[in-house]
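# Understanding the architecture of this molecule
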Amino acid sequence: MDIGVIRNVLIAYDFSAYADRALAMGIAIAMRFDAKVLILNVINRRDIEAIEHAMHRSILAEVPATSKDMVQEFKEERLGELQDALAKYPDKNNCLKPHVSVGDPVGEILALGRKHNADLIVMGARGHSRVARLLTGSKAETLFRLSSIPVLSVRQEEDFYH
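This write-up is about the structure you can find in this document. (Residues numbered from 1 in each chain as written. Predicted model: local features only at pLDDT ≥ 70, side-chain atom pairs only at ≥ 80, totals over all residues. Heavy atoms only, no water.)

### Here's the deal with the overall build of the protein
When helices and strands are tallied, the protein shows 6 helices and 5 strands. Put simply, the protein runs from its N terminus to its C terminus through helices and strands in the order β-α-β-α-α-β-α-β-α-α-β. For the protein, the residues scored as buried account for 38% of the 162 residues in total. Here the contacts in the protein between residues at least 6 apart in sequence split such that 77% fall between residues at least 24 apart. With an accessible surface of roughly 10200 Å², the protein has 52% of that area assigned to carbon and sulfur atoms. (Helix = DSSP H or I, 4+ residues; strand = E, 2+ residues; numbered from the N terminus. Buried < 20%, exposed > 50% of the residue type's maximum accessible area, 1.4 Å probe, protein only. Contact = heavy atoms within 4.5 Å. Areas by Shrake-Rupley, 256 points an atom, 1.4 Å probe, with all protein chains shown as cover.)

### A short note on the sheet that holds strand β3 (residues 96-103)
Here we have 5 strands laid out as an open sheet, ordered β3-β2-β1-β4-β5, and parallel in their pairing. Of all the strands in the sheet, just β3 and β5 (151-154) have a single pairing partner and so form its edges. Going from strand to strand, the sheet's axes swing by 25 degrees on average, the running direction of each strand aside. Across 4 bridges, the pairing between strand β4 (residues 120-124) and β5 is parallel. For V122, the partnering residue across the bridge sits in β5 and is L152. (Pairing = 2+ DSSP bridges. Axes fitted to C-alpha atoms, helices over the stretch in contact; angles between N-to-C directions.)

### A closer look at unusual backbone geometry
Here the phi dihedral of N94 falls at roughly 55 degrees; this positive angle occurs in a residue that is not glycine. Note that N94 resides in the loop between α3 (67-86) and β3. Here N117, not a glycine, exhibits a phi torsion of approximately 50 degrees, which is positive. By secondary structure assignment, the location of N117 is in the loop between α4 (105-115) and β4.

### Side note on a negative patch on the surface
A cluster of acidic residues, D69, E73, E76, E77, E81 and D84, forms a negative patch at the surface. Within the secondary structure layout, E73 lies in helix α3. (Patch = residues over 30% accessible without salt bridge, like charges linked within 9 Å, V, L, I, M, F, W, Y side chains within 5 Å. Salt bridge = Lys/Arg side-chain N within 4 Å of Asp/Glu carboxyl O. Lys, Arg positive; Asp, Glu negative; His and termini not counted. Charge placed at Lys NZ, Arg CZ, Asp CG, Glu CD.)

Below, the structure written as structure tokens:
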């Protein structure tokens, strides 16, 4: 990466208010550099495994779909939601690319960032308490530790006043 040159921005997006702010900021940065933007939503593999477990235990026996069908349906649904979220941003050069994947969120962000030569990763971050961070960690902290790509963490403005 050339210092000061941004060609590809990866925005991690989870449909939260924090992610909305990160999306706006990431797109604004990308527009300033005439960069491409990949917007990623990750369906957590643990959630899929819980659904598969429920299906196997007949809790969802009346659901005729297989877990692969459900994952595909979730991905299509999320992709539509991503496109809706992007609708308010002008994309004259077709630079905004939504993407949905399944897996560990941090792993997926890092893998897609490397695959698409991201120069910057932008993500929303919630202000967890020390106890919550101690017990569960945070995706942002893990990403900061593991990423060779610069990471911009965007918080809600009101988080700074508490």
